[in-house]
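# Observations on chain architecture
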Amino acid sequence: MKKKLIASLLSLSIVTGLLSGCGGAADSTTAQENTGAATEASKETETEAASEKIETDSGEDVTITFMASQDWIQDAEMELGEKFTEETGIKIDYQIVPSDQYESLLMTKINSGECTDIFAGQSSQFSIVTQFNVEKNAVDLSGESWAGNVDPAAAAELSVGGKLYGQPIQDVSACWAVGYNISMFEENGLEIPKNYAEFCAVCDKLLEAGIIPIYECVSDGWHHVCWTEAAITATQADQGYPDALNANSATFAGNEKLTLMFTQLKEMADKGYFGDNYMSNQYADAPAAIASGEYAMVLYNQGLGAEVNAVDSSFSADNIGFFVNPLCDNQALNVNYCGPSRFIFSGSKNVDAAKKYLEFMASDESLAYMTENVAKFNQLPYKNAPSAYSPVIQDFYDRYPNKVAVFQASVKYYNPAWMDIGKDMSALFLGEMTPEEVLQDIDKLREEQAKAASDPAWQ
């Protein structure tokens, strides 16, 4: 399925401009005042039309506010938002916040009782309780018409006590894997690595050929943390480790696998595998970087091929292949049904209007539109969403039958610490922290979250 590239980064100023350009009653009024030509009869006609519209929309003449982190709301959703406004008269005020500031702002708004009508947050059966306290701060969506269509695994990460509190925004079937330029590998006699040593050999050969092996973008604050999903190797070695972490009977510090993982990441940076600009590179530029031929690989989801093709139409989407993150010799496919999701704030004065928006976004037509127009969406987590897997991507999934849940989904208080882990990893790359110190800080961050949540395992 041919897809258009959807830009991920949206600034609030651009969003505001788009909204003001949609037109509405205020625009009509302004034009009328400027011309001064409206007759009494035309005013009466407009009044009657407005009354008819209000009756048609069941009294809905509101603007609902929707706050989200950058990269979470695609252009395609905003385009559907305009259609939603045309059909219902309900306007959407999208408020996009830089990712490194979003979590702090969101929690401030939730805790003050002044949150937007809809707020976006990462799903997780743990963090939606300990961080968002959805039973208090979000609306129960279990009875909505679309609720039964949500993929059961995704719904489990959005539910508490059998009640559904969120709606998935993005494709959670796609995993973070190493996307690579297939033709570049072939030209340099390279094969898909099956362990860390082979991965380093691939990177060394690329460096010899004058190619930067990996595009990394630390400046966004979150992307480089995705490499830690190789931590799933620890769960393979000890299936009880995640449960022990959740019971506070085990720690991150001292774990040999995790120490090795951070040691290898530091080594990759030191060897030049990320190039010279990895601290300032930005996630939004990844497709262009791969299309340029300057870089061979990037840790990305399975929409990379379509996004690179959108940057350079001569670059075939099928020229991007994938293999699993090989840190700690990992060969398992990381599975994570957690992802950005929509929640309706319980203190909203526009709950009914917000519910209409969620219903609209979960319709057959909207899910098909999102799949068609967002390159990284191949299978949204709804029964009524179409599939857009290419043979190359399907081959990737088939190549790795062993699937293990990432720590984001299996370990409490790991996901809320994500951005702080990113800061520590930046310090690690710069030689300001050791792998063991990073792990010790993860334990400290989790402890703070656990005590704030009054988790009995930490009392």
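This text goes with the structure placed above it.
To start, this report covers the structure provided alongside it.

Analysis parameters
Residues numbered from 1 in each chain as written. Predicted model: local features only at pLDDT ≥ 70, side-chain atom pairs only at ≥ 80, totals over all residues. Heavy atoms only, no water. Helix = DSSP H or I, 4+ residues; strand = E, 2+ residues; numbered from the N terminus. Buried < 20%, exposed > 50% of the residue type's maximum accessible area, 1.4 Å probe, protein only. Areas by Shrake-Rupley, 256 points an atom, 1.4 Å probe, with all protein chains shown as cover. Pairing = 2+ DSSP bridges. Core = buried A, V, L, I, M, F, W, Y, C linked by side-chain atoms within 4.5 Å. Contact = heavy atoms within 4.5 Å. 1 Å grid on protein atoms, 1.4 Å probe; cavity = no way out; pocket = protein on both sides within 12 Å on 5 of 7 lines; lining within 4 Å. Points joined across faces, edges and corners; volume = space filled by probe spheres on them. Nonpolar A, V, L, I, M, F, W, Y, C, P; charged D, E, K, R; others polar.

For the protein, the helix and strand inventory stands at 21 helices and 13 strands. Buried residues in the protein amount to 54% of all 459 residues. Carbon together with sulfur atoms contributes 49% to the accessible area of the protein, which is approximately 19200 Å² in total.

In this structure, Asp329 takes a positive phi of about 60° despite not being glycine. Residue position: Asp329 is located in the loop between strand 10 (320-323) and strand 11 (333-335). Judged by its relative accessible area of 46%, Asp329 falls in the partly exposed class. Within the chain, Tyr413 stands out as a residue other than glycine whose phi angle is a positive 70°. Tyr413 gets classed as buried once you look at its relative accessible area, which sits at 3%.

Burial runs high along strand 9 (residues 295-300): six of the six residues are buried. Where strand 8 (residues 212-215) lies against strand 9, three bridges are found, and the strand directions are parallel. What sits directly across from Ile214, in strand 9, is Met297.

Side chains of a nonpolar character, in soluble globular proteins, are inclined to be buried together. Ranked by size, the top nonpolar core spans 84 residues in total, and within it Trp227, Phe252, Met268 and Met297 carry the most contacts. Those residues in contact with Met268 that lie beyond four places of it in its chain are Tyr196, Phe199, Ile214, Trp227, Tyr273, Phe274 and Leu327. Listed in part, the 59 residues of the second largest apolar core include Ala138, Tyr165, Ile169 and Val172.

We now examine the pairing of strand 7 (residues 177-181). Most of strand 7 is tucked away, with five of its five residues classed as buried. In this structure, strand 7 lies alongside strand 10, joined through four bridges in antiparallel fashion. Across the sheet, Asn181 pairs through a bridge with Ile320, a residue of strand 10.

Summed over all chains, the structure comprises three cavities of 30 Å³ or more. Reported here for the largest cavity is a volume of approximately 800 Å³. In this structure, the largest cavity is lined by 38 residues; those nearest its centre are Trp72, Gln122, Trp222, Pro340 and Gln408. The element that contributes the greatest number of residues to the lining of the largest cavity is helix 5 (residues 99-112), accounting for five residues. Tallied by class, residues from the lining of the largest cavity come to 19 nonpolar, 14 polar and five charged. Approximately 50 Å³ is the volume found for the second largest cavity. Along the lines of polarity and charge, the residues of the lining of the second largest cavity split into eight nonpolar, no polar and one charged.

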